[in-house]
Amino acid sequence: MELIVLQSSNILMPALIGGGTALLLGIVIVLVFRFFSVEEDPMVEELNSVLPGVNCGGCGYSGCLGYASALASGEDSNTSKCTAGGLETAEAVALTLGTAPQEYIPQVAYVFCQGSGEYTTKRYEYTGTPNCASATGLFAGPNSCTYGCLGFGDCYDVCEFDAIWIDDGLAHVNSENCTACGKCVIACPKDLISLIPKHELATVNSCRNHWPAAATRKNCKIGCIACRLCIKACPVDAIHMEDNLAVIDQEICIHCGECVKVCPTNSISEGLLKGMAEEKALRAAAKAEKEAEEAAAKAEKEAS
Amino acid sequence: MQDMFKILFSVILIDNLVLSRFLGVCSFLGLTKDLKNSMGMSVAVIFVMLVSTAVTYPIYYFLLEPAGLGYLQTVIFILVIAATVQVLEAVIRKVMPPLYDAMGIFLPLITTNCAILGVMLINIQESYSFVNAIMSSLGAGLGYTLAMFLFVGVREKLETSDIPESFKGLPSTLVAASILSVAFMGFGGVIENLFS
(Lines give C-alpha, C1' and ligand atoms only; values in the text may rest on other atoms or scores of the structure.)
Protein backbone atom coordinates (compact mmCIF):
# COMPACT_ATOMS: atom_id res chain seq x y z
CA MET A 1 0.00 0.00 0.00
CA GLU A 2 2.74 2.40 1.00
CA LEU A 3 4.56 1.57 -2.22
CA ILE A 4 1.53 2.46 -4.31
CA VAL A 5 1.12 5.80 -2.51
CA LEU A 6 4.80 6.57 -2.97
CA GLN A 7 4.68 5.71 -6.64
CA SER A 8 1.51 7.65 -7.31
CA SER A 9 2.94 10.73 -5.61
CA ASN A 10 6.07 10.27 -7.72
CA ILE A 11 3.93 10.49 -10.83
CA LEU A 12 1.41 12.97 -9.49
CA MET A 13 3.94 15.68 -8.57
CA PRO A 14 5.60 15.92 -11.99
CA ALA A 15 2.25 15.69 -13.73
CA LEU A 16 0.87 18.49 -11.57
CA ILE A 17 3.91 20.70 -11.98
CA GLY A 18 4.14 20.07 -15.70
CA GLY A 19 0.43 20.50 -16.28
CA GLY A 20 0.29 23.51 -13.97
CA THR A 21 3.13 25.22 -15.83
CA ALA A 22 1.46 24.55 -19.16
CA LEU A 23 -1.89 25.85 -17.92
CA LEU A 24 -0.32 28.94 -16.40
CA LEU A 25 1.61 29.71 -19.57
CA GLY A 26 -1.53 29.19 -21.63
CA ILE A 27 -3.43 31.69 -19.49
CA VAL A 28 -0.57 34.19 -19.67
CA ILE A 29 -0.45 33.90 -23.47
CA VAL A 30 -4.20 34.38 -23.81
CA LEU A 31 -4.13 37.43 -21.53
CA VAL A 32 -1.13 38.96 -23.27
CA PHE A 33 -2.68 38.45 -26.68
CA ARG A 34 -5.87 40.08 -25.45
CA PHE A 35 -4.15 43.12 -23.96
CA PHE A 36 -1.56 43.57 -26.67
CA SER A 37 -3.64 42.66 -29.68
CA VAL A 38 -2.97 44.80 -32.72
CA GLU A 39 -6.02 45.67 -34.72
CA GLU A 40 -5.47 44.84 -38.33
CA ASP A 41 -7.47 46.12 -41.22
CA PRO A 42 -9.54 43.19 -42.52
CA MET A 43 -8.99 44.69 -45.96
CA VAL A 44 -5.30 43.76 -45.78
CA GLU A 45 -6.13 40.08 -45.40
CA GLU A 46 -8.67 40.27 -48.21
CA LEU A 47 -6.27 41.99 -50.57
CA ASN A 48 -3.51 39.57 -49.66
CA SER A 49 -5.69 36.65 -50.71
CA VAL A 50 -6.35 38.32 -54.07
CA LEU A 51 -2.65 38.87 -54.78
CA PRO A 52 -0.73 35.93 -56.23
CA GLY A 53 1.29 35.39 -53.04
CA VAL A 54 4.62 34.72 -54.73
CA ASN A 55 6.34 37.59 -52.84
CA CYS A 56 8.51 38.47 -55.83
CA GLY A 57 8.83 42.14 -54.87
CA GLY A 58 7.96 43.29 -58.37
CA CYS A 59 5.61 45.92 -56.98
CA GLY A 60 8.39 47.57 -55.03
CA TYR A 61 7.23 46.33 -51.64
CA SER A 62 8.84 43.58 -49.54
CA GLY A 63 6.14 41.11 -50.52
CA CYS A 64 2.45 40.68 -51.27
CA LEU A 65 1.52 41.55 -47.68
CA GLY A 66 3.49 44.79 -47.88
CA TYR A 67 1.67 45.85 -51.03
CA ALA A 68 -1.68 44.80 -49.56
CA SER A 69 -1.21 46.89 -46.42
CA ALA A 70 -0.01 49.88 -48.47
CA LEU A 71 -3.15 49.62 -50.61
CA ALA A 72 -5.45 49.16 -47.63
CA SER A 73 -4.04 52.13 -45.72
CA GLY A 74 -4.39 54.34 -48.77
CA GLU A 75 -0.64 54.88 -48.89
CA ASP A 76 -0.63 53.62 -52.44
CA SER A 77 -3.55 54.09 -54.81
CA ASN A 78 -2.07 52.34 -57.83
CA THR A 79 -3.87 49.01 -58.12
CA SER A 80 -1.84 47.73 -61.04
CA LYS A 81 1.60 47.41 -59.52
CA CYS A 82 1.58 43.62 -59.39
CA THR A 83 3.71 42.47 -62.30
CA ALA A 84 3.38 38.75 -61.56
CA GLY A 85 -0.44 38.78 -61.52
CA GLY A 86 -0.84 41.02 -64.53
CA LEU A 87 -4.15 42.40 -65.70
CA GLU A 88 -6.34 39.89 -63.86
CA THR A 89 -4.87 40.68 -60.46
CA ALA A 90 -5.06 44.42 -61.12
CA GLU A 91 -8.77 44.08 -61.83
CA ALA A 92 -9.33 41.85 -58.79
CA VAL A 93 -7.50 44.29 -56.51
CA ALA A 94 -9.52 47.21 -57.84
CA LEU A 95 -12.72 45.23 -57.32
CA THR A 96 -11.77 44.38 -53.73
CA LEU A 97 -10.94 47.99 -52.97
CA GLY A 98 -14.09 49.14 -54.73
CA THR A 99 -12.27 51.60 -56.97
CA ALA A 100 -12.30 51.89 -60.72
CA PRO A 101 -9.62 49.71 -62.27
CA GLN A 102 -6.69 51.73 -63.50
CA GLU A 103 -5.11 51.29 -66.85
CA TYR A 104 -2.76 48.37 -66.52
CA ILE A 105 0.57 48.98 -68.19
CA PRO A 106 2.68 45.83 -68.39
CA GLN A 107 6.37 46.30 -67.86
CA VAL A 108 9.39 44.78 -69.47
CA ALA A 109 13.06 44.57 -68.61
CA TYR A 110 15.37 46.59 -70.83
CA VAL A 111 19.16 46.61 -71.13
CA PHE A 112 20.42 50.20 -71.17
CA CYS A 113 23.49 49.47 -73.26
CA GLN A 114 24.23 48.92 -76.92
CA GLY A 115 28.00 48.55 -76.60
CA SER A 116 28.51 45.17 -78.21
CA GLY A 117 31.89 44.06 -79.51
CA GLU A 118 31.19 46.06 -82.65
CA TYR A 119 31.22 49.39 -80.80
CA THR A 120 33.54 48.81 -77.85
CA THR A 121 36.99 47.29 -77.36
CA LYS A 122 38.67 45.20 -74.69
CA ARG A 123 41.11 46.91 -72.35
CA TYR A 124 42.65 43.61 -71.23
CA GLU A 125 42.15 39.89 -71.61
CA TYR A 126 40.01 38.63 -68.73
CA THR A 127 40.66 35.00 -67.77
CA GLY A 128 38.98 34.81 -64.35
CA THR A 129 35.68 33.25 -63.36
CA PRO A 130 33.34 33.92 -66.28
CA ASN A 131 30.65 36.01 -64.65
CA CYS A 132 29.97 39.73 -64.59
CA ALA A 133 30.18 40.09 -60.80
CA SER A 134 33.73 38.69 -60.72
CA ALA A 135 34.87 40.60 -63.79
CA THR A 136 33.55 43.86 -62.30
CA GLY A 137 35.85 43.30 -59.36
CA LEU A 138 38.92 43.48 -61.61
CA PHE A 139 39.27 47.13 -62.71
CA ALA A 140 35.52 47.31 -63.44
CA GLY A 141 35.73 44.64 -66.12
CA PRO A 142 37.58 44.26 -69.43
CA ASN A 143 35.17 46.42 -71.43
CA SER A 144 36.50 49.76 -72.73
CA CYS A 145 33.33 51.40 -71.38
CA THR A 146 33.37 50.72 -67.64
CA TYR A 147 29.63 51.48 -67.47
CA GLY A 148 28.74 49.03 -70.24
CA CYS A 149 27.53 45.48 -70.51
CA LEU A 150 30.20 42.82 -69.93
CA GLY A 151 28.23 40.06 -71.59
CA PHE A 152 29.16 37.21 -69.22
CA GLY A 153 25.47 36.65 -68.69
CA ASP A 154 24.73 37.05 -64.97
CA CYS A 155 21.27 38.19 -66.10
CA TYR A 156 20.97 35.22 -68.43
CA ASP A 157 21.74 32.87 -65.52
CA VAL A 158 18.97 34.22 -63.28
CA CYS A 159 16.28 34.49 -65.96
CA GLU A 160 13.72 31.73 -65.57
CA PHE A 161 11.71 32.64 -68.64
CA ASP A 162 14.35 32.32 -71.37
CA ALA A 163 13.90 36.03 -72.06
CA ILE A 164 17.55 37.08 -72.13
CA TRP A 165 20.10 36.29 -74.78
CA ILE A 166 23.72 37.34 -75.09
CA ASP A 167 25.15 38.33 -78.43
CA ASP A 168 28.64 39.67 -79.06
CA GLY A 169 29.18 40.64 -75.42
CA LEU A 170 25.83 42.35 -74.99
CA ALA A 171 22.66 41.20 -73.23
CA HIS A 172 19.30 41.57 -74.98
CA VAL A 173 15.80 41.09 -73.63
CA ASN A 174 13.13 39.26 -75.54
CA SER A 175 10.11 41.35 -74.58
CA GLU A 176 7.71 38.57 -75.56
CA ASN A 177 9.03 36.18 -72.91
CA CYS A 178 9.87 38.76 -70.26
CA THR A 179 7.48 38.84 -67.27
CA ALA A 180 9.16 41.80 -65.57
CA CYS A 181 10.06 39.74 -62.49
CA GLY A 182 13.06 42.00 -61.98
CA LYS A 183 15.60 39.29 -61.19
CA CYS A 184 18.00 40.45 -63.91
CA VAL A 185 17.70 44.02 -62.61
CA ILE A 186 19.16 42.84 -59.31
CA ALA A 187 21.69 40.48 -60.89
CA CYS A 188 23.39 43.06 -63.14
CA PRO A 189 26.45 44.42 -61.29
CA LYS A 190 26.54 47.41 -63.65
CA ASP A 191 22.92 48.41 -62.98
CA LEU A 192 22.22 48.39 -66.69
CA ILE A 193 18.82 46.69 -66.64
CA SER A 194 15.65 48.50 -65.62
CA LEU A 195 11.95 47.85 -65.99
CA ILE A 196 10.21 50.16 -68.44
CA PRO A 197 6.56 50.33 -69.52
CA LYS A 198 6.00 47.79 -72.27
CA HIS A 199 5.10 50.03 -75.18
CA GLU A 200 5.57 49.01 -78.79
CA LEU A 201 7.43 52.22 -79.56
CA ALA A 202 9.14 52.75 -76.21
CA THR A 203 11.85 55.34 -76.77
CA VAL A 204 14.88 54.88 -74.55
CA ASN A 205 18.37 56.28 -74.35
CA SER A 206 20.14 52.90 -74.28
CA CYS A 207 23.18 54.06 -72.39
CA ARG A 208 24.24 54.49 -68.78
CA ASN A 209 27.62 56.18 -69.04
CA HIS A 210 28.33 59.37 -67.12
CA TRP A 211 31.55 60.32 -68.86
CA PRO A 212 31.97 63.62 -70.69
CA ALA A 213 31.63 63.43 -74.47
CA ALA A 214 35.34 63.00 -75.27
CA ALA A 215 35.77 59.98 -73.02
CA THR A 216 32.58 58.40 -74.32
CA ARG A 217 33.61 58.90 -77.95
CA LYS A 218 36.94 57.26 -77.24
CA ASN A 219 35.53 54.17 -75.57
CA CYS A 220 32.19 53.47 -77.24
CA LYS A 221 30.96 54.43 -80.68
CA ILE A 222 27.29 54.26 -79.73
CA GLY A 223 27.23 55.87 -76.27
CA CYS A 224 25.38 58.98 -75.14
CA ILE A 225 27.64 62.02 -75.50
CA ALA A 226 25.36 64.42 -73.65
CA CYS A 227 24.97 66.76 -76.65
CA ARG A 228 21.47 67.84 -75.53
CA LEU A 229 20.06 67.70 -79.07
CA CYS A 230 17.33 65.32 -77.91
CA ILE A 231 16.30 67.71 -75.12
CA LYS A 232 15.86 70.50 -77.65
CA ALA A 233 13.98 68.19 -80.02
CA CYS A 234 11.55 66.80 -77.44
CA PRO A 235 8.12 68.48 -77.78
CA VAL A 236 6.88 67.42 -74.30
CA ASP A 237 10.01 67.98 -72.17
CA ALA A 238 10.29 64.32 -71.30
CA ILE A 239 14.09 64.31 -71.47
CA HIS A 240 16.44 65.74 -68.88
CA MET A 241 20.18 65.60 -68.24
CA GLU A 242 21.47 63.53 -65.36
CA ASP A 243 25.22 63.80 -64.90
CA ASN A 244 26.17 63.74 -68.60
CA LEU A 245 23.42 61.33 -69.54
CA ALA A 246 20.10 62.02 -71.24
CA VAL A 247 17.27 60.29 -69.40
CA ILE A 248 13.83 59.88 -70.95
CA ASP A 249 10.90 59.93 -68.56
CA GLN A 250 8.80 57.01 -69.79
CA GLU A 251 5.64 58.38 -68.20
CA ILE A 252 5.81 61.67 -70.09
CA CYS A 253 7.17 60.34 -73.40
CA ILE A 254 4.64 60.37 -76.25
CA HIS A 255 6.75 58.17 -78.55
CA CYS A 256 6.95 60.78 -81.32
CA GLY A 257 10.46 59.69 -82.30
CA GLU A 258 11.93 63.22 -82.68
CA CYS A 259 14.85 62.42 -80.35
CA VAL A 260 15.67 59.26 -82.28
CA LYS A 261 16.01 61.31 -85.46
CA VAL A 262 18.38 63.90 -83.99
CA CYS A 263 20.61 61.62 -81.89
CA PRO A 264 24.08 61.79 -83.52
CA THR A 265 25.39 58.54 -82.02
CA ASN A 266 22.21 56.46 -82.32
CA SER A 267 22.30 56.09 -78.56
CA ILE A 268 18.56 56.64 -78.41
CA SER A 269 16.65 53.71 -79.84
CA GLU A 270 13.01 53.19 -80.49
CA GLY A 271 10.71 50.24 -80.29
CA LEU A 272 10.75 46.97 -78.42
CA LEU A 273 9.26 45.12 -81.37
CA LYS A 274 12.17 46.07 -83.55
CA GLY A 275 14.47 44.39 -81.06
CA MET A 276 12.42 41.25 -81.19
CA ALA A 277 12.39 41.12 -85.01
CA GLU A 278 16.14 41.59 -84.94
CA GLU A 279 16.43 38.79 -82.46
CA LYS A 280 14.43 36.43 -84.63
CA ALA A 281 16.53 37.28 -87.69
CA LEU A 282 19.73 36.78 -85.71
CA ARG A 283 18.62 33.44 -84.32
CA ALA A 284 17.54 32.27 -87.76
CA ALA A 285 20.88 33.40 -89.21
CA ALA A 286 22.83 31.58 -86.49
CA LYS A 287 20.80 28.44 -87.06
CA ALA A 288 21.29 28.59 -90.83
CA GLU A 289 25.03 29.14 -90.37
CA LYS A 290 25.29 26.15 -88.07
CA GLU A 291 23.33 23.98 -90.45
CA ALA A 292 25.48 25.06 -93.39
CA GLU A 293 28.59 24.28 -91.36
CA GLU A 294 27.28 20.86 -90.48
CA ALA A 295 26.33 20.19 -94.08
CA ALA A 296 29.78 21.27 -95.25
CA ALA A 297 31.44 19.02 -92.66
CA LYS A 298 29.23 16.17 -93.76
CA ALA A 299 29.99 16.73 -97.44
CA GLU A 300 33.72 16.89 -96.66
CA LYS A 301 33.47 13.62 -94.74
CA GLU A 302 31.64 11.95 -97.58
CA ALA A 303 34.13 13.26 -100.15
CA SER A 304 37.08 11.88 -98.21
CA MET B 1 34.12 39.50 -11.98
CA GLN B 2 36.96 37.69 -13.68
CA ASP B 3 34.76 34.62 -13.81
CA MET B 4 32.15 36.53 -15.78
CA PHE B 5 34.53 37.66 -18.49
CA LYS B 6 36.16 34.26 -18.66
CA ILE B 7 32.78 32.70 -19.34
CA LEU B 8 31.80 35.43 -21.79
CA PHE B 9 34.90 35.15 -23.94
CA SER B 10 35.25 31.40 -23.80
CA VAL B 11 31.64 31.00 -24.93
CA ILE B 12 32.20 33.43 -27.80
CA LEU B 13 35.49 32.02 -29.05
CA ILE B 14 36.27 28.52 -27.74
CA ASP B 15 32.86 26.97 -27.14
CA ASN B 16 31.30 28.87 -30.02
CA LEU B 17 27.66 27.90 -30.24
CA VAL B 18 27.65 27.13 -33.94
CA LEU B 19 31.23 26.22 -34.71
CA SER B 20 32.17 24.09 -31.67
CA ARG B 21 28.91 22.88 -30.18
CA PHE B 22 27.11 22.61 -33.53
CA LEU B 23 23.90 24.11 -32.20
CA GLY B 24 21.66 26.27 -34.37
CA VAL B 25 23.31 25.02 -37.54
CA CYS B 26 20.05 25.04 -39.50
CA SER B 27 19.54 28.79 -39.15
CA PHE B 28 23.28 29.29 -39.59
CA LEU B 29 23.18 27.63 -43.01
CA GLY B 30 19.79 28.97 -43.99
CA LEU B 31 20.18 32.65 -43.17
CA THR B 32 23.79 33.43 -44.07
CA LYS B 33 23.02 34.20 -47.70
CA ASP B 34 22.88 37.94 -47.08
CA LEU B 35 23.94 40.28 -44.34
CA LYS B 36 20.52 41.79 -43.68
CA ASN B 37 18.79 38.53 -42.77
CA SER B 38 21.69 37.26 -40.71
CA MET B 39 21.77 40.53 -38.79
CA GLY B 40 18.05 40.32 -37.98
CA MET B 41 18.38 36.72 -36.90
CA SER B 42 21.44 37.41 -34.75
CA VAL B 43 19.79 40.30 -32.92
CA ALA B 44 16.69 38.16 -32.34
CA VAL B 45 18.81 35.26 -31.03
CA ILE B 46 20.71 37.46 -28.56
CA PHE B 47 17.47 39.00 -27.37
CA VAL B 48 15.58 35.73 -26.92
CA MET B 49 18.64 34.08 -25.39
CA LEU B 50 18.81 36.69 -22.61
CA VAL B 51 15.08 36.74 -21.94
CA SER B 52 14.71 32.97 -21.82
CA THR B 53 17.68 32.63 -19.47
CA ALA B 54 16.06 35.13 -17.16
CA VAL B 55 12.87 33.05 -17.27
CA THR B 56 14.16 29.47 -17.21
CA TYR B 57 16.84 29.97 -14.56
CA PRO B 58 14.42 30.82 -11.73
CA ILE B 59 12.02 28.12 -12.90
CA TYR B 60 14.71 25.49 -12.55
CA TYR B 61 16.08 26.65 -9.19
CA PHE B 62 12.81 27.65 -7.51
CA LEU B 63 10.41 25.09 -8.95
CA LEU B 64 12.06 22.01 -10.44
CA GLU B 65 15.10 21.65 -8.19
CA PRO B 66 13.26 21.84 -4.81
CA ALA B 67 10.64 19.37 -6.05
CA GLY B 68 13.37 17.01 -7.22
CA LEU B 69 12.16 17.20 -10.79
CA GLY B 70 15.45 18.14 -12.48
CA TYR B 71 14.82 15.49 -15.11
CA LEU B 72 11.81 17.45 -16.37
CA GLN B 73 13.97 20.41 -17.35
CA THR B 74 14.02 19.68 -21.10
CA VAL B 75 10.26 19.39 -21.41
CA ILE B 76 9.49 22.37 -19.20
CA PHE B 77 12.15 24.53 -20.88
CA ILE B 78 10.76 23.84 -24.35
CA LEU B 79 7.33 24.85 -23.09
CA VAL B 80 8.58 27.97 -21.33
CA ILE B 81 10.78 29.16 -24.19
CA ALA B 82 7.99 28.70 -26.74
CA ALA B 83 5.53 30.58 -24.54
CA THR B 84 8.02 33.35 -23.78
CA VAL B 85 8.73 33.94 -27.46
CA GLN B 86 5.01 34.08 -28.24
CA VAL B 87 4.42 36.60 -25.47
CA LEU B 88 7.44 38.65 -26.51
CA GLU B 89 6.24 38.75 -30.08
CA ALA B 90 2.83 40.06 -29.09
CA VAL B 91 4.28 42.65 -26.73
CA ILE B 92 6.90 43.93 -29.18
CA ARG B 93 4.33 44.14 -31.92
CA LYS B 94 2.19 46.43 -29.82
CA VAL B 95 4.82 48.44 -27.99
CA MET B 96 7.66 48.73 -30.51
CA PRO B 97 6.45 48.28 -34.11
CA PRO B 98 9.80 49.27 -35.69
CA LEU B 99 11.59 46.57 -33.70
CA TYR B 100 8.90 44.10 -34.72
CA ASP B 101 9.42 44.97 -38.38
CA ALA B 102 13.15 44.43 -37.99
CA MET B 103 13.10 41.04 -36.26
CA GLY B 104 9.45 40.02 -36.24
CA ILE B 105 9.71 37.23 -38.78
CA PHE B 106 12.69 35.69 -37.01
CA LEU B 107 11.03 35.39 -33.60
CA PRO B 108 8.71 32.45 -34.46
CA LEU B 109 11.70 30.72 -36.06
CA ILE B 110 13.58 30.93 -32.79
CA THR B 111 10.77 29.25 -30.86
CA THR B 112 12.08 25.88 -31.95
CA ASN B 113 15.74 26.82 -32.31
CA CYS B 114 17.97 24.22 -30.70
CA ALA B 115 20.58 26.88 -29.91
CA ILE B 116 18.34 28.52 -27.30
CA LEU B 117 17.33 25.29 -25.59
CA GLY B 118 20.93 24.05 -25.72
CA VAL B 119 22.31 27.13 -23.98
CA MET B 120 19.59 26.99 -21.30
CA LEU B 121 20.48 23.37 -20.55
CA ILE B 122 24.22 24.07 -20.57
CA ASN B 123 23.72 26.92 -18.09
CA ILE B 124 22.05 24.47 -15.70
CA GLN B 125 24.58 21.71 -16.37
CA GLU B 126 27.53 23.96 -15.59
CA SER B 127 25.72 25.14 -12.41
CA TYR B 128 26.44 28.79 -13.15
CA SER B 129 25.25 31.54 -10.84
CA PHE B 130 22.49 33.73 -12.27
CA VAL B 131 24.87 36.49 -13.40
CA ASN B 132 27.21 33.95 -14.96
CA ALA B 133 24.28 32.27 -16.72
CA ILE B 134 23.26 35.63 -18.22
CA MET B 135 26.86 36.21 -19.29
CA SER B 136 27.03 32.77 -20.85
CA SER B 137 23.80 33.42 -22.78
CA LEU B 138 25.04 36.82 -23.94
CA GLY B 139 28.30 35.23 -25.03
CA ALA B 140 26.47 32.45 -26.86
CA GLY B 141 24.38 35.03 -28.70
CA LEU B 142 27.43 37.12 -29.58
CA GLY B 143 29.30 33.99 -30.68
CA TYR B 144 26.37 33.09 -32.92
CA THR B 145 26.45 36.61 -34.38
CA LEU B 146 30.20 36.38 -34.97
CA ALA B 147 29.87 33.04 -36.74
CA MET B 148 26.98 34.36 -38.85
CA PHE B 149 28.85 37.50 -39.92
CA LEU B 150 32.04 35.63 -40.75
CA PHE B 151 30.15 33.10 -42.78
CA VAL B 152 28.17 35.69 -44.74
CA GLY B 153 31.52 36.96 -46.03
CA VAL B 154 32.67 33.45 -46.89
CA ARG B 155 29.48 32.68 -48.75
CA GLU B 156 29.55 35.91 -50.71
CA LYS B 157 32.99 34.91 -51.90
CA LEU B 158 31.71 31.41 -52.73
CA GLU B 159 28.90 32.86 -54.82
CA THR B 160 31.26 34.37 -57.37
CA SER B 161 33.81 31.56 -57.49
CA ASP B 162 33.96 28.80 -60.05
CA ILE B 163 32.86 25.68 -58.15
CA PRO B 164 32.72 22.18 -59.71
CA GLU B 165 29.16 21.16 -60.55
CA SER B 166 29.01 18.40 -57.91
CA PHE B 167 30.06 20.80 -55.12
CA LYS B 168 27.66 23.62 -55.94
CA GLY B 169 25.26 24.68 -53.21
CA LEU B 170 25.21 22.89 -49.89
CA PRO B 171 28.35 20.71 -50.24
CA SER B 172 30.68 23.67 -50.75
CA THR B 173 28.88 25.55 -47.97
CA LEU B 174 29.34 22.69 -45.51
CA VAL B 175 33.01 22.30 -46.43
CA ALA B 176 33.52 26.03 -45.86
CA ALA B 177 31.69 25.81 -42.52
CA SER B 178 33.88 22.93 -41.39
CA ILE B 179 37.05 24.87 -42.26
CA LEU B 180 35.76 27.85 -40.31
CA SER B 181 35.02 25.50 -37.42
CA VAL B 182 38.56 24.12 -37.51
CA ALA B 183 39.89 27.69 -37.55
CA PHE B 184 38.03 28.38 -34.32
CA MET B 185 39.80 25.44 -32.67
CA GLY B 186 42.89 27.64 -32.79
CA PHE B 187 41.43 29.66 -29.89
CA GLY B 188 41.66 26.62 -27.59
CA GLY B 189 43.69 27.44 -24.47
CA VAL B 190 43.88 31.17 -25.19
CA ILE B 191 41.25 32.16 -22.60
CA GLU B 192 42.56 29.92 -19.79
CA ASN B 193 45.98 31.49 -20.10
CA LEU B 194 44.59 34.99 -20.56
CA PHE B 195 42.63 34.96 -17.31
CA SER B 196 44.83 32.70 -15.18
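Our subject is the structure listed above.
These lines cover the structure that appears in this document, whether it is placed above or below. This structure is a prediction, so every number in the text was calculated from the model and none was measured.

Focus on a negative patch on the surface
A surface patch of like charges, here negative, comprises Glu289(A), Glu291(A), Glu293(A) and Glu294(A). Within the fold, Glu294(A) resides in helix H11 (residues 272–303).

Comments concerning the interface of chain B and chain A
Interfaces are often sized by the accessible area lost when the parts come together. Contact with chain B, which involves 20 residues of that partner, is made by 22 residues of chain A. Carbon and sulfur atoms make up 79% of the area that chain B and chain A hide from each other, which totals about 1,600 Å². Here chain B is connected to chain A by zero salt bridges. Our count for the chain B to chain A interface comes out at zero residue pairs in polar contact (both at pLDDT 80 or more). Counting residues per element, the side of chain B that touches chain A draws most heavily on helix H4 (residues 73–95) of chain B, which supplies eleven residues. Tallied by class, residues from the side of chain B that touches chain A come to 14 nonpolar, three polar and three charged.

Let's talk about the packing of aromatic side chains
Scanning the entire structure with this criterion turns up nine aromatic pairs over all chains. Here Tyr57(B) and Tyr61(B) contribute two aromatic rings whose centre-to-centre distance is 4.8 Å and whose plane-to-plane angle is 45°, an arrangement assigned as tilted. Of this pair, Tyr57(B) and Tyr61(B) are both found in helix H3 (residues 35–64), four residues apart, which corresponds to roughly one turn of the helix. According to the relative accessible area criterion, Tyr61(B) is partly exposed, its value standing at 25%. Three or more aromatic residues link up through ring pairs in this structure, and these residues are Tyr57(B), Tyr60(B), Tyr61(B), Phe77(B) and Phe130(B). We note Arg208(A) situated over the ring of Phe112(A); from NZ or CZ to the ring centre the distance is 4.2 Å.

Some thoughts on the pattern of salt bridges
As enumerated under the stated definition, the model contains four salt bridges over all chains in all. Residues Glu160(A) and Lys183(A) are paired through a salt bridge, measuring 2.7 Å at the closest nitrogen-oxygen approach. Linking Glu160(A) in the loop between helix H6 (154–158) and strand S2 (164–167) with Lys183(A) in helix H7 (residues 183–187), this pair joins segments that are 23 residues apart in sequence. Among the residues examined, Glu160(A) registers a relative accessible area of 57% and is labelled exposed. We note a salt bridge from Glu165(B) to Lys168(B), for which the minimum N-O separation is 3.5 Å. Lys168(B) gets classed as partly exposed once you look at its relative accessible area, which sits at 44%.

Some details on the nonpolar core
Where a protein is soluble and globular, its nonpolar side chains tend to be buried together. Counting residues in hydrophobic clusters, the biggest one holds 59 residues, and the most contacted among them are Leu17(B), Phe28(B), Met41(B), Met49(B) and Ile116(B). Tallying contributions element by element places H3(B) first for this core, with nine residues. Ranked by size, the runner-up nonpolar core spans 21 residues in total, among them Cys155(A), Ile164(A), Leu170(A) and Ala202(A).

So, the environment of Asp154(A)
Residue and element names in this part refer to chain A. Note that Asp154 resides in helix H6. The exposure class of Asp154 is buried, given its relative accessible area of 10%. If we ignore the near neighbours within four places in the chain, the residues touching Asp154 are Asn131, Cys132, Ala133, Ala187 and Pro189. In this structure the side chain of Asp154 is engaged in a polar contact, spanning 3.1 Å, whose partner is the backbone nitrogen of Ala133.

Regarding unusual backbone geometry
All names here are of chain A. Unlike most non-glycine residues, Asp243 shows phi in positive territory, near 55°. Counting through the fold element by element, Asp243 comes out in the loop between strand S6 (239–241) and strand S7 (246–248). The phi torsion at His255 lies on the positive side, around 60°, for a residue other than glycine. Along the chain, His255 falls in the loop between S7 and helix H10 (258–262).

Scoring rules and cut-offs
Residues numbered from 1 in each chain as written. Chains lettered and ligands numbered in written order. Predicted model: local features only at pLDDT ≥ 70, side-chain atom pairs only at ≥ 80, totals over all residues. Heavy atoms only, no water. Patch = residues over 30% accessible without salt bridge, like charges linked within 9 Å, V, L, I, M, F, W, Y side chains within 5 Å. Areas by Shrake-Rupley, 256 points an atom, 1.4 Å probe, with all protein chains shown as cover. Salt bridge = Lys/Arg side-chain N within 4 Å of Asp/Glu carboxyl O. Lys, Arg positive; Asp, Glu negative; His and termini not counted. Charge placed at Lys NZ, Arg CZ, Asp CG, Glu CD. Helix = DSSP H or I, 4+ residues; strand = E, 2+ residues; numbered from the N terminus. Contact = heavy atoms within 4.5 Å. Buried area = accessible area lost by both parts, 1.4 Å probe. Polar contact = N/O pair within 3.5 Å; in protein donor to acceptor, adjacent residues only side chain to side chain. Nonpolar A, V, L, I, M, F, W, Y, C, P; charged D, E, K, R; others polar. Phe/Tyr/Trp six-rings, centres within 6.5 Å; stacked < 30°, edge-to-face > 60°. Buried < 20%, exposed > 50% of the residue type's maximum accessible area, 1.4 Å probe, protein only. Lys NZ or Arg CZ within 6 Å of the ring centre and 35° of its normal. Core = buried A, V, L, I, M, F, W, Y, C linked by side-chain atoms within 4.5 Å.

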